[in-house]
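Examining the three-dimensional arrangement
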Amino acid sequence: MRNRLATVYAATGAGIGAASFALSQGGAAFGGRWWLASLGMAVGAGGAVGWVGGRWMAARIAPIATAAAQLAEGKRPRVAHDESGRRDELGLLAAALHEMAAGMERRIAAVAEDRTRFAAVLSGMVEGVLVLDRVGRVLIINPALERMLGCRPDEAIGHRWIEVVRQHDLNELIAAVLKSGEPKTAEIVVDEPDGSRTFAVQGSVARRPDAGDDERRSVFVFHDVTTLKRLERVRSDFIANVSHELRTPLTSIIGYLEALSDGAHEEPRQREEFLRIMKTHADRLNALVSDLLQLSQIESGEYRWRRDSVEVVDLVRRSAGLIAPLAQRKRITLRCEGTIPALYVIADAEKLTQVLLNLLDNALKYTEEGGAVDVEVEAGGGGAVIRVRDTGIGIPPADQRRIFERFYRVDRARSRALGGTGLGLSIVKHIVEAHGGTVTVESRLGKGSTFCITLPTRPVTGTASCVSTV
């Protein structure tokens, strides 16, 4: 640009100079040669001044033109201002262009910051967010919704929603919001290979007041309420089970009380039998309430655990000694054998004793006369491993994964007849997990069951023995 302007000015000056010289030559014939020569010299000087002015003007205009072209392309202009510092028309134009470029940079920076903040908010949300245009094409899908639905952004952005997830209830909700423009909510159940998930979906329409229908956007927020629904079912089942467990012995006690009041107390033998049955049911109620309170304390975190150094083999030996009289009465062999390095755990000895007594009591209850119950202790996997193995009736495979649930029984009638509350194994699981351990079960119908407890240990030298047979 600068060179083109300079060339134009120079050509103009040279042309005027040449014309003046020609006139000076022709004017000699008429005797005005001196006047024409002066005119030619003046015009030539004007041409030179024009050439210099053109160069100067081109030097000021070229950067402004370049900056304007960069602004038009959306780029940041490299020229900052008119270096001449003049306040003429070109100086004012350069200053205005400079202010416009600075303002554009500020607006671009603000937009970029808003986009970054918006992306950070969407990425940090636990809820899934979906934004659609007026025909149902996906404009925005945040990472939480990608994880919920198992899709990638390139599979969703720009595609119609029905192509992303084929879920009838969800598609109906989206279609209703797109059609009516009114906010709507629904609970959607999405089936997955490992089960189903429940979402509470809220749909609404967002649009600027001055925008037309083409600018309408539909926003859907997905709340994963699967865990909440599961907890609601657990609570409902728990209340129903507690009510049932309490009602059964209470009904029996009330029935026998009515029989006694109707005259059964007059027969000593019948009275004694009724009183014995009522005491059995009362003891069962007391055990049930005690287990419920204990389980509630453990689950709520209100129980204050003792943290003592406990030698595992000695704990197992003492627990087996406490349950030995029951094994003798049922003519069941109770064995605790082996000599291993001493294993110490940081634990609540009383609660670990309760765990072992619960497992041994269950093993004896479900093992027929003449059977055997073995307790083994060994070191493995960086911890102490305790196994309680019986030769009892076993647990069906379908029931093994639920055996540690509250009030879950494989054989309800037999469990009640044996005096179980349905909470023993649930308490075992909570106590073991509170010590950082795990409890598992392996069983075969008709062959017996093995409950395995693993507890983290701390290294201590020495040996301990567990050799006893009842």
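Note that this is a predicted model, so its numbers are computed, not measured.

Section: the nonpolar core
- Among the nonpolar cores identified, the biggest contains 47 residues, and Val-312, Val-316, Leu-334, Leu-359, Val-373 and Ile-453 are the most heavily contacted of them.
- If we ignore the near neighbours within four places in the chain, the residues touching Val-373 are Ile-332, Thr-333, Leu-334, Arg-335, Leu-360, Ala-363, Leu-364, Thr-367, Val-388, Arg-389 and Asp-390.
- Residues Leu-130, Leu-145, Ile-174 and Val-177 belong to the second largest nonpolar core, which totals 23 residues.

Thoughts on the confidence of the model for the chain
- Considering every residue of the chain, the mean pLDDT works out to 77; 74% of them sit at 70 or more.
- A low-confidence stretch, residues 1-24 (pLDDT under 50), is modelled with 32 contacts involving residues beyond four sequence positions or located in other chains.
- Contacts of residues 26-31 to residues separated by more than four positions or lying in other chains number 4 contacts, the stretch itself having pLDDT below 50.

Focus: the side chain of Asp-390
- Of note, Asp-390 is situated in strand S11 (residues 383-390).
- Although buried, Asp-390 forms no salt bridge, and the nearest oppositely charged side chain, Arg-389, lies 8.6 Å from it.
- Among the polar contacts listed, one links the side chain of Asp-390 to the backbone nitrogen of Gly-392, at a separation of 2.9 Å.
- With residues up to four places along the chain from it excluded, the contact list for Asp-390 reads Ala-363, Thr-367, Ala-372, Val-373, Lys-447, Gly-448 and Ser-449.

Here we look at the packing of aromatic side chains
- Across all of its chains, the model carries 4 aromatic pairs by this definition.
- Residues Tyr-303 and Trp-305 carry aromatic rings whose centres are separated by 4.8 Å and whose planes lie at 75° to one another, so their mutual orientation is edge-to-face.
- With a relative accessible area of 22%, Trp-305 lands in the partly exposed category.
- Both rings, one in Phe-404 and one in Phe-451, keep their centres 6.2 Å apart while their planes meet at 90°; by these two values the pair is edge-to-face. In this pair, Phe-404 is assigned in the loop between helix H12 (397-400) and helix H13 (412-417) and Phe-451 in strand S13 (residues 448-456), connecting sequence segments 47 residues apart.

Reading the values: the criteria
All residue numbers refer to position in the chain's written sequence, counted from 1. Given that the model is predicted, a residue must reach a pLDDT of at least 70 before its local features are reported, and side-chain atom pairs must reach 80 or more before they are shown or counted; all residues, however, enter totals for whole chains, interfaces and linings. Values shown for side chains rest on all heavy atoms present in the structure; no hydrogens or waters enter the calculation. Nonpolar core, defined: a set of buried Ala, Val, Leu, Ile, Met, Phe, Trp, Tyr and Cys residues in which side-chain atoms within 4.5 Å join the residues together. Relative accessibility decides the category of a residue: with a 1.4 Å probe and only protein chains considered, values under 20% of the type maximum give buried, values over 50% give exposed, and everything between is partly exposed. The contact rule is simple, with two residues in contact once any of their heavy atoms fall within 4.5 Å. In predicted models, pLDDT denotes the confidence assigned by the predictor to each residue on a 0 to 100 scale. Only DSSP runs of H or I with at least four residues qualify as helices, and only runs of E with at least two residues qualify as strands; both kinds are numbered from the N terminus onward. Under this rule, positive means Lys or Arg and negative means Asp or Glu; His and the chain ends count for nothing. For this analysis, a salt bridge means a side-chain nitrogen from Lys or Arg found within 4 Å of a carboxyl oxygen belonging to Asp or Glu. Here a polar contact means two N or O atoms within 3.5 Å. Within protein one must be a hydrogen donor candidate and the other an acceptor candidate, and residues neighboring in sequence count only if both atoms are side-chain atoms. Whether two aromatic rings pair depends on their centres lying within 6.5 Å, for rings of Phe, Tyr and Trp, where Trp uses its six-membered ring; planes under 30 degrees apart make the pair stacked, over 60 edge-to-face, and the rest tilted.

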